[in-house]
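# A closer look at the structure
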Amino acid sequence: DIQLTQSPSFLSASVGDRVTITCRASQGISSYLAWYQQKPGKAPRLLIYAASTLQSGVPSRFSGSGSGTEFTLTIISLQPEDFATYYCQQLNNYPRSFGQGTKLEIK
Amino acid sequence: EVQLVESGGGLVKPGGSLRLSCAASGFTFSSYTMNWVRQAPGKGLEWVSSISSDSNYIYYADSMKGRFTVSRDNAKNSLYLQMNSLRAEDTAVYYCTMSRPVTGPYDYWGQGTLVTVSS
């Protein structure tokens, strides 16, 4: 089974900052990685798939990169609505797996 | 507009059973893989199960194998999750999601239904 490890688990930042979240896979998953955003009490929302493809309607301040075992989600110029929890998910193998999440909080 | 609406959650005693349903609309249901993902209170996302568009391929997380059964009815645009031998650790919000076949991400999610396993 593939394990995904996100770092950091918690991140404190200010509006306007640039932040980067890393997701490492226990084995290679090519580019079959997605990123989701979740706000309290809401369902997750797809942000990025295929490691770097922005989902329709997602602001361009979000970007993803990586392949193989190391991936990053970058948010430039943080907006108030970006403070949420972010999850990566691998779609290369079953069982599917998610990272443990990164909670992005306002500093 | 894509809609996924889960139902069937509630309070059940340990060892009990529950059947979740997900009503889909706004897309060609029979063309998509459907999935269940759960989230325990205050915890992260956990993949539960996936079923291919034609029901020929079904996958489960190890901790649910033998206890949970996923199924779908393409004529009714519906997805189901039969949960048996429920444990306290199955307490979670269960989300229905859709994805393009094979390696598609989870494009849309339902609002979730809460399952509470407690005596």
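Above this text sits the structure in question.
Quick look at the structure, then. (Residues numbered from 1 in each chain as written. Chains lettered and ligands numbered in written order. Predicted model: local features only at pLDDT ≥ 70, side-chain atom pairs only at ≥ 80, totals over all residues. Heavy atoms only, no water.)

What follows covers the state of the cysteines. Disulfides are covalent bonds that link the sulfur atoms of two cysteine residues. Under the definition given, this model contains 2 disulfides over all chains. C23 of chain A shares a disulfide with C88 of chain A; S-S distance 2.1 Å. Across the S-S bond of C23 of chain A and C88 of chain A the torsion is about 75°, and the bridge reads as right-handed. Of the two residues, C23 of chain A sits in strand β3 (residues 19–25) while C88 of chain A sits in strand β9 (residues 85–90), which places them 65 residues apart along the sequence. According to the relative accessible area criterion, C23 of chain A is buried, its value standing at 0%. Assessed through its relative accessible area of 0%, C88 of chain A is described here as buried. There is a disulfide in this structure between C22 of chain B and C96 of chain B, and the S-S distance comes to 2.1 Å. Here the disulfide of C22 of chain B and C96 of chain B is left-handed, its torsion about the S-S bond being about -65°. (Disulfide = S-S within 2.5 Å. Helix = DSSP H or I, 4+ residues; strand = E, 2+ residues; numbered from the N terminus. Buried < 20%, exposed > 50% of the residue type's maximum accessible area, 1.4 Å probe, protein only.)

Counting residues at the interface gives 18 residues for chain A, matched by 21 residues for chain B. Across the interface of chain A and chain B, roughly 1,600 Å² is buried in total on both sides, 63% from carbon and sulfur atoms. On the surface where chain A and chain B come into contact, there are 0 salt bridges. The set of elements that each furnish at least two residues to the side of chain A that touches chain B consists of β4 (33–38), β5 (45–49) and β9 of chain A. The element that contributes the greatest number of residues to the side of chain A that touches chain B is β4 of chain A, accounting for 3 residues. (Contact = heavy atoms within 4.5 Å. Buried area = accessible area lost by both parts, 1.4 Å probe. Salt bridge = Lys/Arg side-chain N within 4 Å of Asp/Glu carboxyl O.)

F98 of chain A together with M34, W36, L79, L81, M83 and Y94 of chain B are the most contacted members of the largest nonpolar core, which totals 40 residues. Top element by residues in this core is strand β9 (residues 92–99) of chain B. It accounts for 5 residues. L47, I75, F83 and C88 of chain A belong to the second-largest nonpolar core, a separate cluster that totals 25 residues. (Core = buried A, V, L, I, M, F, W, Y, C linked by side-chain atoms within 4.5 Å.)

We now examine the pattern of salt bridges. All names here are of chain B. Counted according to the given criterion, the structure contains 9 salt bridges over all chains. Put simply, R38 and E46 hold a salt bridge, and the shortest N to O gap is 2.7 Å. Of the residues examined, R38 reaches a relative accessible area of 5% and is grouped as buried. Overall, the relative accessible area of 31% leaves E46 in the partly exposed class. Two residues, D62 and K65, come together in a salt bridge whose shortest N-O distance is 3.2 Å. Considered together, D62 and K65 belong to a single accessibility category, that of exposed residues. Each of R38, E46, R67 and D90 takes part in one network of salt bridges that share partners.

Read these as geometric descriptors, not functional statements.
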